[in-house]
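# Coordinates in review
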2 protein chains.
Amino acid sequence: MSEMVERVQQVLRRSGMRLTPQRRIILEVLEESEVHLDAEALYLSAKARDPNISLATVYRTLAALREIGVVQQRHLSQDEQRGYYEIDDQKHYHFTCLRCGKVIEFSTPLIAQIQQEFADEMGVQVTRARLYLEGCCAACLERAEKET
Amino acid sequence: MSEMVERVQQVLRRSGMRLTPQRRIILEVLEESEVHLDAEALYLSAKARDPNISLATVYRTLAALREIGVVQQRHLSQDEQRGYYEIDDQKHYHFTCLRCGKVIEFSTPLIAQIQQEFADEMGVQVTRARLYLEGCCAACLERAEKET
DNA sequence: TTTCGTGCAAATGGTTTGCAGACGC
DNA sequence: GCGTCTGCAAACCATTTGCACGAAA
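My aim in this report is to walk through the structure given alongside it, one point at a time. (Residues numbered from 1 in each chain as written. Chains lettered and ligands numbered in written order. Predicted model: local features only at pLDDT ≥ 70, side-chain atom pairs only at ≥ 80, totals over all residues. Heavy atoms only, no water.)

### Remarks on the interface of chain B and chain A
Listed per partner, the contact involves 40 residues of chain B and 40 residues of chain A. Here chain B meets chain A over a buried area of about 3,400 Å², counting both sides, of which 58% is carbon and sulfur. For chain B, the biggest contributors to the area lost against chain A are Gln78, Arg128 and Arg130 of chain B; these three give 23% of the whole. Here chain B is connected to chain A by six salt bridges. (Contact = heavy atoms within 4.5 Å. Buried area = accessible area lost by both parts, 1.4 Å probe. Salt bridge = Lys/Arg side-chain N within 4 Å of Asp/Glu carboxyl O.)

Here's what the structure looks like:
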């Protein structure tokens, strides 16, 4: 069992929840995936390991994992209402190419600074920051250039 | 006619679209609203001025306005899939209190810096940045304090 | 008089839920 | 055994769409 899955088991336990085979599969798929998965994609990958798993279980597991802070839901583009899911390793952010859909992850210390400054100024507590950049990736820029 | 509405009319024209009474009402509601509206709330406010207006028209208008860059759709909390809409005045961001739902708008020059640095580093073009902070507002922090 | 926009109602699609059985502690 | 979890199917709800009519250039 991966270190991450083990950690999640602890957290689940503390909330009176269980690490079932289905939940383990979903965690593994999330952990191994290179790309950002929506519920349907996650369901299909999970189904490959356990043909009996149901989409409802995927959603319920995602809800449970979000509740305990293990998984984050993303809205990668402003024009999409579907959710994408990933293990919450906190401090990384996303750039989405509006042309080809490619997603690039990045990080920056400036977000922590913004968070800090805003919290100090307003007397609030900031527990999460989401930053999404959108635009056109290098490959698409190049392709657009050629077409001109 | 407000300056903003007039400006929008130009942009609509350029795309072969019209500024109908319904669209004007929706723009006015968006412009005058203090809070962030979802489609349903926008529909109700618009209906107060024109009882015949339909929810479908609200959605179609929002889609049109987003297409020409006049309106932005927001996902104010990670746990909500419903969209909230506002006139796109670009450089301001949102803090949402997860306890009471209060939304605070703010701005910071650091986002422009992040955008710039990322674009330079990766050779991409960044056309939009969305930043959402979530946490607990001052009032809710205080209330929580008292309850302890 | 052609094009674009609207209202209505029905369809869509992602997500949630009720229920009865299965499983883990 | 008790309480949690699952699969299935039905329900939900925000959003979209087809269609026939209405309005604007």
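Back to the write-up after that little detour.
### Focus: the nonpolar core
The tendency in soluble globular proteins is for nonpolar side chains to be buried side by side. One finds Phe95 and Leu131 of chain A together with Phe95 and Leu131 of chain B to be the most contacted residues of the largest nonpolar core, which totals 36 residues. Among the nonpolar cores identified, the runner-up in size contains 25 residues, and Val8, Leu12, Ile53 and Val58 of chain B belong to it. (Core = buried A, V, L, I, M, F, W, Y, C linked by side-chain atoms within 4.5 Å. Buried < 20%, exposed > 50% of the residue type's maximum accessible area, 1.4 Å probe, protein only.)

### Points about the protein's contact with DNA strand C
Close to DNA strand C lie 22 residues, the nearest being Tyr59 of chain A together with Arg18, Thr20, Arg23 and Thr57 of chain B. For DNA strand C, the fraction of atoms within 4 Å of the protein that belong to sugar or phosphate moieties is 66%. Within the backbone of Asn52 of chain B, an N or O atom sits 3.0 Å from a phosphate oxygen of DNA strand C. One of the backbone N or O atoms of Ser54 of chain B is found 3.2 Å from a phosphate oxygen in DNA strand C. Element by element, the count of residues in the surface near DNA strand C is highest for helix H4 (residues 55-67) of chain A, at four residues. A breakdown of the residues in the surface near DNA strand C according to their chemical character gives eight nonpolar, seven polar and seven charged. (Near = heavy atom within 4 Å. Polar contact = N/O pair within 3.5 Å; in protein donor to acceptor, adjacent residues only side chain to side chain. Helix = DSSP H or I, 4+ residues; strand = E, 2+ residues; numbered from the N terminus. Nonpolar A, V, L, I, M, F, W, Y, C, P; charged D, E, K, R; others polar.)

### A few points about the relation of the copies chain B and chain A
It takes a turn of 180° to lay chain B on chain A, together with a shift of 0.0 Å along the axis; the resulting RMSD is 0.1 Å. Considering both components of the superposition, the chain copies are consistent with a two-fold axis. Of the C-alpha atoms belonging to chain B, the one lying closest to the rotation axis is found on Leu131 of chain B, 2.2 Å away. Both copies present the same face, since 100% of the interface residues in chain B are matched by interface residues at the equivalent positions in chain A. (Least-squares fit on C-alpha atoms with pLDDT ≥ 70 in both.)

### Here's the deal with the sheet that holds strand S4 (residues 93-97) of chain B
The strand order across the open sheet built from six strands is S5(A)-S4(A)-S6(A)-S6(B)-S4(B)-S5(B), with neighbouring strands paired in mixed fashion. Of all strands in the sheet, those with a lone pairing partner are strand S5 (103-106) of chain A together with strand S5 (103-106) of chain B, marking the two edges. Across this sheet, the average inter-strand angle for adjacent strands is 20°, counted without regard to direction. In terms of strand pairing, S4 of chain B meets S5 of chain B through four bridges, oriented antiparallel. The partner of His94 of chain B across the bridge, within S5 of chain B, is Glu105 of chain B. The sheet contacts of helix H5 (residues 110-122) of chain B involve strand S4 (93-97), S5 and strand S6 (125-136) of chain A together with S4 and strand S6 (125-136) of chain B, and relative to S6 of chain B the element is tilted by about 135°. (Pairing = 2+ DSSP bridges. Axes fitted to C-alpha atoms, helices over the stretch in contact; angles between N-to-C directions.)

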